[in-house]
Number of protein chains: 2
Amino acid sequence: MAKRVTGPEIEKLIQLLAKVPGLGPRSARRAALHLIKKKEQLLGPLSHAMGEAYDKVKICSRCGNVDTVDPCSVCTDERRDQSVLIVVEDVSDLWALERAGAMNAAYHVLGGTLSPLDGIGPDDLNIRGLIDRVNEGNIREVIIAVNATVEGQTTAHYITDQLSGIDVKITRLAHGVPVGGELDYLDEGTLTAALRARTAI
Amino acid sequence: MAKRVTGPEIEKLIQLLAKVPGLGPRSARRAALHLIKKKEQLLGPLSHAMGEAYDKVKICSRCGNVDTVDPCSVCTDERRDQSVLIVVEDVSDLWALERAGAMNAAYHVLGGTLSPLDGIGPDDLNIRGLIDRVNEGNIREVIIAVNATVEGQTTAHYITDQLSGIDVKITRLAHGVPVGGELDYLDEGTLTAALRARTAI
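Everything quoted here is computed from the prediction, not taken from an experiment. Position numbers for residues start from 1 in each chain and track the written sequence from start to end. Following the order in which they are written, the chains are lettered starting with A and the ligands numbered starting with 1. The predicted nature of this model means local features are confined to residues of pLDDT at least 70 and side-chain atom pairs, given and counted, to a pLDDT of 80 or more, with totals for whole chains, interfaces and linings taken over all residues. Side-chain calculation: all heavy atoms of the structure are included, whereas hydrogens and water are not.

**Focus: the relation of the copies chain A and chain B**
The superposition of copies rests on a least-squares fit of C-alpha positions from residues with pLDDT of 70 or more in both. Relative to chain B, chain A is turned by 180 degrees and slid 0.0 Å along the rotation axis, the superposed coordinates differing by an RMSD of 0.0 Å. Expressed as a symmetry operation, the mapping of one chain copy onto the other fits a two-fold axis. The position closest to the rotation axis in chain A is occupied by the C-alpha of Ser47(A), lying 2.6 Å away. A symmetric contact is evident, with 100% of the interface residues of chain A recurring at the interface of chain B. We call two residues in contact whenever any of their non-hydrogen atoms come within 4.5 Å of each other.

Pasting the structure below:
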C-alpha cells in the first residue's frame with residue numbers, strides 16, 4: 001500500500017498469510033480481515049493451534065510421517081499390518097491413501113522424488129531408511145505408490161533396483177481410467193495402459 | 001480421516017485453517033503440511049504474527065478501520081484532506097481504494113449494508129457515527145463508495161436521506177465500463193449507465 005492505512009503487525013500478518021499455499025496477496029488480505037473480525041472464534045484459536053503445532057510437531061524417524069509423537073501413530077498402530085509398506089512421495093499422499101481407507105498397512109514417506117535437474121539424488125530422499133526397514137526382515141510386501149510422473153516412475157525404478165537383492169514382493173499402483181473419468185479427456189498413455197490391463201467382467 | 005494418522009494438534013490446525021476464507025478442507029491440509037515443512041521460516045513467524053495481531057488489533061472508534069492504534073493511522077494522517085469522507089461498506093474496500101491511490105481523503109467504514117432480510121438495520125451499521133462526524137462541521141464532501149449492489153444502493157439512499165438536512169456535498173462513484181472491460185461481457189444496466197454518463201472526447 002502506498003500510504004500506511006493499518007498497523008505494521010497487520011501488514012506483517014498479511015505478508016506471511018500470502019506465503020501459505022492456496023492464498024495469494026489479495027486473498028491474504030481478505031483472510032487477515034476475516035481473522036480479525038472473528039478474533040475470538042478464529043484468530044485466537046488459530047494462533048494457539050499454530051503455536052501448539054510449532055512446539056509439538058515431529059517427523060517420524062521411522063516412516064517420515066508428520067505427527068506429534070515419534071514413532072508416529074501409524075508406525076505404532078498394532079491393528080495395522082506392519083509387514084506391508086506403502087512407499088509414498090509425500091505425507092500428503094499418505095493422508096490421501098488413508099482417506100481412501102483401502103489398505104490397513106504401514107507407510108514409508110520418501111520426502112520427494114529423484115530429480116537430477118533439481119539436484120535431488122538418492123541421499124536427499126529417505127531411501128536408505130526404506131532399505132534398512134526391508135532388510136530388518138519383517139516386511140513381506142512393498143507397494144510403490146509414487147505419482148505417475150516421470151520423476152515418480154524414475155524413483156520407482158531406482159527403489160525396485162535397490163530392493164532387488166532382498167526377498168520381498170514389490171508391487172506398484174495400477175494404471176487405468178480414474179473412477180468417474182471420461183475417456184475423451186484422458187491421454188493416450190492412460191488409455192493404452194487401461195486397455196493392456198483390461199480385466200474380465 | 002477414518003483412523004488416526006497424525007497428532008490431534010495437527011488435526012486441530014487443519015480444522016481451523018479450513019475456516020480461513022480461500023482455504024477449504026483439502027487446501028487446509030496442504031497448507032498445514034507446508035507450514036510444518038517450513039516450520040522455522042513460516043509456521044513460527046505466522047504463529048507469532050497472529051499472536052501479535054490478536055493482542056494489538058483495534059477497530060478505530062472514529063472511522064471503523066482496522067489498525068493497531070485508535071484513532072487509526074488514516075484518521076490521524078495530517079497529510080490527508082480530512083474534510084472529505086469516503087464512505088465504504090468494509091475495511092477491505094478502504095484498503096482497495098487506498099491501493100488505487102486516487103484520493104487523499106479520510107474514510108468512514110459502515111461495517112456492512114442495510115439488509116432487512118438478514119435483519120441488518122441502520123443501528124447495526126456505523127451510520128450514527130457518520131452523521132455525528134458530518135455534524136461536527138469540518139466535512140465538506142461525503143463520497144458514498146458502497147458496492148453497486150441492491151443492498152449497497154439502498155444503503156446509499158438511506159445515508160443520503162439522513163444527511164439531507166446538513167450543508168455538505170454528497171457524491172457517489174461513477175457507473176460505467178470498467179477499465180479493460182469488454183462491452184460484450186457487460187450487463188445492460190452498466191451499458192445504459194455508461195451511455196447516459198458519456199463524456200466528450
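**Observations concerning the pattern of salt bridges**
Note that side chains of opposite charge can pair when their charged atoms are close. Criterion for a salt bridge: a side-chain nitrogen of Lys or Arg within 4 Å of a carboxyl oxygen of Asp or Glu. This structure, assessed with the given rule, holds 18 salt bridges over all chains. Across the salt bridge formed by Lys56(A) and Glu9(B), the nearest N and O atoms sit 3.3 Å from each other. Residue Lys56(A) is found in helix α3 (residues 39-56), and its partner Glu9(B) is found in helix α1 (residues 8-17); the two belong to separate chains. Under the scheme applied here, a residue whose accessible area is under 20% of the maximum for its type counts as buried, over 50% as exposed, and between as partly exposed, the area being computed with a 1.4 Å probe on protein chains only. Residue classification places Glu9(B) among the buried residues on the basis of a relative accessible area of 17%. A single salt-bridge network, built from bridges that share partners, covers Asp77(A), Arg79(A), Arg80(A) and Glu98(A). Each helix is a run of DSSP H or I of at least 4 residues and each strand a run of E of at least 2, with the numbering of both proceeding from the N terminus.

**Concerning the domain arrangement of chain A**
Start and end positions for the domains come from either an automated domain assignment or a database one. Considered domain by domain, chain A is made up of domain 1 (1-44) and domain 2 (80-172). Using C-alpha coordinates to define each centre, domain 1 of chain A is positioned 39 Å away from domain 2 of chain A.

**Comments concerning unusual backbone geometry**
The omega torsion of the bond from Asp70(A) to Pro71(A) falls at 0 degrees, within 30 degrees of zero and hence cis. Within the secondary structure, Pro71(A) is located in the loop between β2 (66-67) and β3 (81-88).

**With respect to the sheet that holds strand β5 (residues 141-144) of chain A**
All names here are of chain A. When DSSP locates at least two bridges between a pair of strands, those strands are taken to pair. Judged by pairing direction, the sheet is parallel, and its four strands sit side by side in the order β4-β3-β5-β6 without closing on themselves. What marks the edges here is a single partner per strand, and that holds for β4 (105-109) and β6 (169-172). Sheet twist, expressed as the average angle between the axes of neighbouring strands with direction ignored, equals 25 degrees. Pairing analysis gives five bridges linking β3 to β4, with the strands arranged parallel. Between the N-to-C directions of two axes lies an angle of 0 to 180 degrees, each axis being a line fitted to C-alpha atoms and, for a helix, fitted only over the stretch in contact.

**Some details on the environment of Leu117(A)**
Tracing the backbone shows Leu117(A) in the loop between β4 and α5 (127-135). The spacing of Leu117(A) and Ala18(A) is 99 residues in sequence and 28 Å in space, taken between C-alpha atoms.

**A short note on the interface of chain A and chain B**
Contacts between the two partners involve 60 residues from chain A and, on the opposite side, 60 residues from chain B. Once two parts are joined, some of their accessible surface, as seen by a 1.4 Å probe, is lost; buried area is that loss totalled over both. Both sides of the chain A and chain B interface together cover about 5700 Å² of buried area, and 69% of this is carbon and sulfur. The largest contributions to the chain A side of the interface with chain B come from Met50(A), Tyr54(A) and Trp95(A), which together make up 13% of the buried area. For the pair chain A and chain B, the interface holds four salt bridges. Within 3.5 Å is the distance limit for a polar contact, defined as a pair of N or O atoms, with the added protein rule that one can donate a hydrogen and the other accept it, and that residues adjacent in sequence qualify only through two side-chain atoms. Applying the counting criterion to the chain A and chain B interface returns 18 residue pairs in polar contact (both at pLDDT 80 or more). Listed by contribution, the elements that provide at least two residues to the side of chain A that touches chain B are α1 (8-17), α2 (25-37), α3, β2 and α4 (91-100) of chain A. At 15 residues, α3(A) tops the list of elements feeding residues into the side of chain A that touches chain B.

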